[in-house]
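As a plain string of letters, each chain reads:
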Amino acid sequence: VWPKAKSSFWLFENRAGTTGELGLTKYEPIFVRCAPHKACLPHNKCERMYEGDSCSDCIFGYWRDVATNVCNPCGEEQTIGMIIMTAMLMLLSVGGLFGATTFIRLQADIQFKDLAIKALVQHIVEPIKKSSFVMRFVARSEQKKTVILQTTEVGKSYSFAKKGDLGMVFRVDDRNVIHLAGMLPDSPMQDKARVGWKLQTINGKRLNMRSELEVQSVLK
């Protein structure tokens, strides 16, 4: 009958020793003291919050104090974090397996590759392009343009030579926002600006004007 470990001890192994007179091998039981002592129950069993050889590990939801080796329950934040981390690892594993399988099939099956690209464009790329967020982002990026007009470009304009203006028509709304309403064919701004743009600054200065005459006076 093999010896049993008592409380606070762990039967690590039965090590083979010398051979007796009758040719029988003698075995020597190797016991180790558990840390902490209360972690090990009799017969190589662990207390509820301990596990592993000599009950040296903590079960899920507990953490080991390095100073005392005691397993203490985790707080709510640690438990939630461990659950989230486990879920993320599982998702990454499944996603990696799915991605690798899909990649191999894309390389081997041309027809499947074409169908996948069409589905990606139809169900993901196009809806993103048409989303209000993307439209607002594009519109916002298009609104902020810096236009630089050289002296040589102004000299080629008949409107500027005759009237002293750049051949542009502006409209100021009730909020004092200046809109580019039109341009003459020979305006030097034909290839630089678009009708409908808002004029915000001139030479780095913020504009606050109430009429087109005020805008034209600044541009001259």
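Attention now goes to the packing of aromatic side chains. On inspection of all chains with the given rule, the structure shows zero aromatic pairs. Sitting above the plane of the Phe112 ring, Arg105 keeps its charged end 4.0 Å from the centroid.

Among the surface-exposed residues, Ile80, Ile84 and Met88 lie close enough to one another that they form a single nonpolar patch of about 270 Å² accessible area. In this fold, Ile84 is placed in helix H1 (residues 76-108).

With omega at 0 degrees, the peptide bond leading from Ala35 into Pro36 counts as cis. Turning to its location among the elements, Pro36 is positioned in the loop between strand E2 (25-33) and strand E3 (40-41). Despite not being glycine, Ser54 has its phi angle at roughly 55 degrees, a positive value. Inspection of the secondary structure puts Ser54 in the loop between strand E5 (50-51) and strand E6 (57-58).

Further remarks concern the nonpolar core. If you look at the biggest cluster of nonpolar residues, it comprises 13 residues, and the most contacted ones within it are Met168, Phe170, Ile178, Leu180, Leu207, Met209 and Val215. Considering each element in turn, this core owes the most residues, three residues, to strand E9 (residues 168-172). Setting aside residues no more than four positions away along its own chain, Met168 makes contact with Leu180, Gly182, Met183, Ser187, Met189, Glu212, Gln216 and Leu219. Within the second largest apolar cluster, eleven residues are counted, among which are Cys40, Cys55, Val70 and Cys71.

By definition, a disulfide links two cysteine residues through a covalent bond between their sulfur atoms. Within the structure shown, the criterion is met by three disulfides. Here Cys34 is linked by a disulfide to Cys40, with a sulfur-sulfur distance of 1.7 Å. Measuring the twist about the S-S bond at about -90 degrees, one finds the Cys34-Cys40 disulfide to be left-handed. No difference in accessibility class separates Cys34 from Cys40, as the two residues are buried. One disulfide bridge connects Cys46 with Cys55, the sulfur atoms lying 2.0 Å from each other. As the torsion about the S-S bond is roughly -95 degrees, the Cys46-Cys55 disulfide counts as left-handed. Residue class for Cys46 comes out partly exposed when judged on its relative accessible area of 22%.

Attention shifts here to the sheet that holds strand E11 (residues 198-199). Across a sheet, strands are paired by hydrogen bonds formed along the backbone, either parallel or antiparallel in direction. Here three strands make up an open sheet; going across it, the order is E9-E10-E11 and the pairing antiparallel. Strands with a single pairing partner mark the edges of an open sheet, and in this sheet they are E9 and E11.

Further remarks concern the side chain of Asp173. Within the secondary structure, Asp173 sits in the loop between E9 and strand E10 (178-183). Despite its burial, Asp173 remains without a salt bridge, the nearest opposite charge being carried by Arg175 at 4.2 Å.

Further remarks concern the pairing of E10. Pairing geometry for E9 and E10, over five bridges, is antiparallel. Pairing of Val169 across the sheet is with Gly182, part of E10. Between E9 and E10, which pair antiparallel one after the other, the connecting turn spans five residues, and Asn176 there sits at a positive phi close to 65 degrees. In this sheet, E11 lies alongside E10 in antiparallel orientation, the contact comprising two bridges.

Scoring rules and cut-offs
Residues numbered from 1 in each chain as written. Predicted model: local features only at pLDDT ≥ 70, side-chain atom pairs only at ≥ 80, totals over all residues. Heavy atoms only, no water. Phe/Tyr/Trp six-rings, centres within 6.5 Å; stacked < 30°, edge-to-face > 60°. Lys NZ or Arg CZ within 6 Å of the ring centre and 35° of its normal. Patch = residues over 30% accessible without salt bridge, like charges linked within 9 Å, V, L, I, M, F, W, Y side chains within 5 Å. Areas by Shrake-Rupley, 256 points an atom, 1.4 Å probe, with all protein chains shown as cover. Salt bridge = Lys/Arg side-chain N within 4 Å of Asp/Glu carboxyl O. Helix = DSSP H or I, 4+ residues; strand = E, 2+ residues; numbered from the N terminus. Core = buried A, V, L, I, M, F, W, Y, C linked by side-chain atoms within 4.5 Å. Buried < 20%, exposed > 50% of the residue type's maximum accessible area, 1.4 Å probe, protein only. Contact = heavy atoms within 4.5 Å. Disulfide = S-S within 2.5 Å. Pairing = 2+ DSSP bridges. Lys, Arg positive; Asp, Glu negative; His and termini not counted.

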